[in-house]
Amino acid sequence: MRSTLSDRDPGSPGAGPAFAADEPVRATTAHRQRWAVETMAVAPDDQVLEIGCGRGAAVSLVASRLTTGRIVAIDRAATMVRLATQRNLNHVSAGRAEIRCAGFESADLPANRFTKIFAVNVSLFWLGDAAQQIARMRSLLAPGGRLYVFGERPTAAHATANLTTTRLLLESHGFDTTTSSATRGQRQVLTCVTGTAVE
Ligand SMILES: C[S@@+](CC[C@H](N)C(=O)[O-])C[C@H]1O[C@@H](n2cnc3c(N)ncnc32)[C@H](O)[C@@H]1O
């Protein structure tokens, strides 16, 4: 396990722009989504899966970086899928984004496809069968692909607890992990556990 602490605010002196000036980042895009997409360093040819896309803010940020790549985003709430689709009509029309109403557990998704799978603020492992969820993520990842579990916590103590629990869970199911965190805005500690499947 490797750990890094990133405290670079995109707006802080010397940090440099986290995103291109012409990128259509909406005012309602939260720090957590921008940090998530920055952390994943999405490449133009990535095949990305987002679980629990909500209103689709991260979908917009990811799709803006894709050329030959594609993002599939799922959410089990029909209202969220409608909002996310409206927000990303340009990316959906261009074939860069597909947004579906589905629960992760039963979604029809291709095996060994995704170079990056991520979720932001989704209770993926704590409400259902974590072993089954993690095995499914592993089966969907392309060789060398990465899993990113992002969270947002009110205090550093909550963040540390969440990072530790998620890291240990992934490691116990055959992933190598790294962790990172960042402070953004007021009282926001963002966390990420990145997992790479051990061959
Ligand atoms: C707290 S919201 C976060 C939304 C978005 N990721 C964000 O950061 O704003 C969690 C979302 O995940 C969805 N969700 C939760 N569990 C899910 C699952 N197992 N499969 C698909 N979507 C799920 C919920 O419907 C909800 O829209």
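Heads up: these notes are all about the structure in this document. Predicted model only: the values in this text are computed from it and were never measured.

Cut-off values and rules
- Residue positions are counted from 1 within each chain, in the order its sequence is given.
- In view of the model being predicted, local features appear only for residues whose pLDDT reaches at least 70, and side-chain atom pairs are presented and counted only at 80 or more, with totals across whole chains, interfaces and linings using the full set of residues.
- Here the side-chain values reflect all heavy atoms present in the structure, with hydrogen atoms and water set aside.
- Summary of the distance rule: residues count as near a molecule or strand when at least one heavy atom falls within 4 Å of that molecule or strand.
- Whenever a nitrogen or oxygen atom comes within 3.5 Å of another N or O atom, the pair is scored as a polar contact, on the condition that within protein one atom can donate a hydrogen and the other can accept it, and that pairs from neighbouring residues in sequence are kept only if both atoms are in side chains.
- Each accessible area is a Shrake-Rupley estimate made with a 1.4 Å probe; only the visible protein chains count as cover when residues are assessed.
- Under the grouping applied here, Gly and all other residues not named as nonpolar or charged are polar, the nonpolar ones being Ala, Val, Leu, Ile, Met, Phe, Trp, Tyr, Cys and Pro and the charged ones Asp, Glu, Lys and Arg.
- Strand pairing is assigned whenever DSSP detects at least two bridges linking the two strands.
- Counting from the N terminus, the helices are the DSSP runs of H or I reaching at least four residues and the strands are the DSSP runs of E reaching at least two.
- Seen with the strands pointing away from the viewer, any crossover whose path from the first strand over the helix to the second strand runs clockwise is right-handed.
- What counts as a ring pair is set by centres within 6.5 Å for rings of Phe, Tyr and Trp (its six-membered ring), and what kind of pair is set by the plane angle: stacked under 30 degrees, edge-to-face over 60, tilted for all other angles.
- Residue exposure (1.4 Å probe, protein chains only): buried if accessible area is under 20% of the type maximum, exposed if over 50%, otherwise partly exposed.

1. A look at the site of the ligand
Contacts to the ligand come from 17 residues, most closely from R32, G52, D75, E105 and V120. The contact in question runs from a nitrogen atom of the ligand to an N or O atom on the backbone of G52, over 2.8 Å. In the environment of the ligand, a nitrogen atom lies 3.2 Å from a nitrogen or oxygen atom belonging to the backbone of R76. Calculation on the ligand without its partners gives an accessible area of 590 Å², and the protein chains cover 79% of this total. Classifying every residue of the shell around the ligand gives seven nonpolar, five polar and five charged.

2. Quick word on the pairing of strand β6 (residues 141-153)
By the bridge criterion, six bridges tie strand β5 (residues 114-120) to β6 in an arrangement that is parallel. Paired with K116 across the bridge in β6 is R146. Where the polypeptide runs from β5 across helix α5 (residues 130-140) and back to β6, its parallel neighbour, the crossover connection is right-handed.

3. A closer look at the packing of aromatic side chains
Per the counting criterion, the structure on display carries four aromatic pairs. The interplanar angle of 90° and the centroid separation of 5.9 Å between the aromatic rings of F125 and W126 together place this pair among those described as edge-to-face. Arranged with centres 6.1 Å apart and planes meeting at 5°, the rings of Y148 and F150 form a pair that is stacked. The pair Y148 / F150 is uniform in exposure class, with both members buried. Each residue in the set W35, F118, Y148 and F150 is aromatic and connected to the rest through ring pairs, giving one cluster.

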